[in-house]
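Here is what each chain is made of, one letter per residue.
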Amino acid sequence: MITTVIFDFDGTLADTNQLVINSFKHTYNEFCMECDEEHVLSTFGEPLMETMNRDFSGHNIEEVLKCYRDYQLKRFNDEVYLYDNVLETLKSLQEKNIKMAIVTSRMKQSTLDAIKYLNIDSYFDVVVTADDTVNHKPHKEPLLKAINELNSSASETYYVGDSKFDMECAINAKAIPVLVGWQKNSDELAKKYEVKYVLKNMLDLIKII
């Protein structure tokens, strides 16, 4: 029996893909570096600090982060939207007394600001971000932290995400991975991780519960 559903944020609940890509392009350009879009896509789900420390190792990381965040902050409210039927799904899950949380590699304040702006903050009892754990996805720690705070068990928990980091995190925590099917590599990920549940629309989540 499923009692708990935990969601990733970027690429799962909200379409932030193009904004993130554009933010990276802007930052690479500002620091006179070439931007490989495929590489940027491969980092989706990874904590921003890890990406920046690796890819901008020869630069002042605080300056790099400020450049990225300033660009994104100015555009977030105009360019980020919930995916189709996310709000309807959250309402339905709440009515069914399903416990819900977010586990994301996004930083704390930007996550809280985002879910408040999108009017979905009231649906989540727990929000675990990159600031809240020592280890990050695909390590099991962030997901187990949310599960424990919800007084749930991994075997009764769906973790809904869009990236390899999400699928591996769910598997490592012994939760049940659920893959959203609207990213271009969804079929590849479903096959690689043998994911039983792939959502074509967020409302499919209600059906499988």
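Because the structure is predicted, anything quoted here is derived from the model rather than measured.

1. A look at the nonpolar core
Working step 1: Core analysis: the largest hydrophobic core is formed by 31 residues, its most contacted members being Val 5, Phe 7, Leu 13, Phe 124 and Leu 205.
Working step 2: Of all the elements in the fold, those that place two or more residues in this core are strand S1 (4–7), helix H5 (86–95), strand S4 (99–103), helix H6 (108–117), strand S6 (157–161), strand S7 (176–180) and strand S8 (197–199).
Working step 3: The element that contributes the greatest number of residues to this core is H5, accounting for three residues.
Working step 4: Discounting chain neighbours no more than four positions away, the residues touching Val 5 are Leu 93, Ile 98, Lys 99, Met 100, Ala 101, Tyr 158, Val 160, Leu 205 and Ile 209.

2. Things to note about unusual backbone geometry
Working step 1: A cis amide bond links Lys 137 with the next residue in sequence, Pro 138, at an omega value of 15°.
Working step 2: When you line up the elements, Pro 138 lands in the loop between strand S5 (126–128) and helix H7 (141–149).
Working step 3: The phi dihedral of Asn 85 falls on the positive side, at around 65°, and the residue is not glycine.
Working step 4: Along the chain, Asn 85 turns up in the loop between strand S3 (81–82) and H5.
Working step 5: Since its relative accessible area comes to 24%, Asn 85 is described here as partly exposed.
Working step 6: In this model, Asn 151 sits at a positive phi of 55°, which is unusual for a non-glycine residue.
Working step 7: Along the chain, Asn 151 turns up in the loop between H7 and S6.

3. So, empty space enclosed by the protein
Working step 1: If you walk through the whole model with that rule in mind, you get one cavity of 30 Å³ or more.
Working step 2: By volume, the largest cavity amounts to about 40 Å³.
Working step 3: What lines the largest cavity is simply Val 103, Thr 104, Ser 105, Val 128, Thr 129, Ala 130, Thr 133, His 136, Lys 137 and Pro 142.
Working step 4: A breakdown of the residues in the lining of the largest cavity according to their chemical character gives four nonpolar, five polar and one charged.

4. Concerning the pattern of salt bridges
Working step 1: All chains considered together, the criterion is met by eleven salt bridges.
Working step 2: Asp 70 is the salt-bridge partner of Lys 66, the closest N and O atoms lying 2.7 Å from each other. With Lys 66 and Asp 70 both in helix H4 (residues 61–79) and four residues apart, this pair spans about one turn of that helix.
Working step 3: For Lys 66, a relative accessible area of 53% gives the class exposed.
Working step 4: Put simply, Lys 108 and Asp 132 hold a salt bridge, and the shortest N to O gap is 2.9 Å. Pair noted here: Lys 108 is in helix H6 and Asp 132 is in the loop between S5 and H7, with a separation of 24 residues, a long-range link.
Working step 5: For Asp 132, a relative accessible area of 27% corresponds to the partly exposed category.

Cut-offs and rules
Residues numbered from 1 in each chain as written. Predicted model: local features only at pLDDT ≥ 70, side-chain atom pairs only at ≥ 80, totals over all residues. Heavy atoms only, no water. Core = buried A, V, L, I, M, F, W, Y, C linked by side-chain atoms within 4.5 Å. Buried < 20%, exposed > 50% of the residue type's maximum accessible area, 1.4 Å probe, protein only. Helix = DSSP H or I, 4+ residues; strand = E, 2+ residues; numbered from the N terminus. Contact = heavy atoms within 4.5 Å. 1 Å grid on protein atoms, 1.4 Å probe; cavity = no way out; pocket = protein on both sides within 12 Å on 5 of 7 lines; lining within 4 Å. Points joined across faces, edges and corners; volume = space filled by probe spheres on them. Nonpolar A, V, L, I, M, F, W, Y, C, P; charged D, E, K, R; others polar. Salt bridge = Lys/Arg side-chain N within 4 Å of Asp/Glu carboxyl O.

Keep in mind these numbers describe shape, not what the thing actually does.
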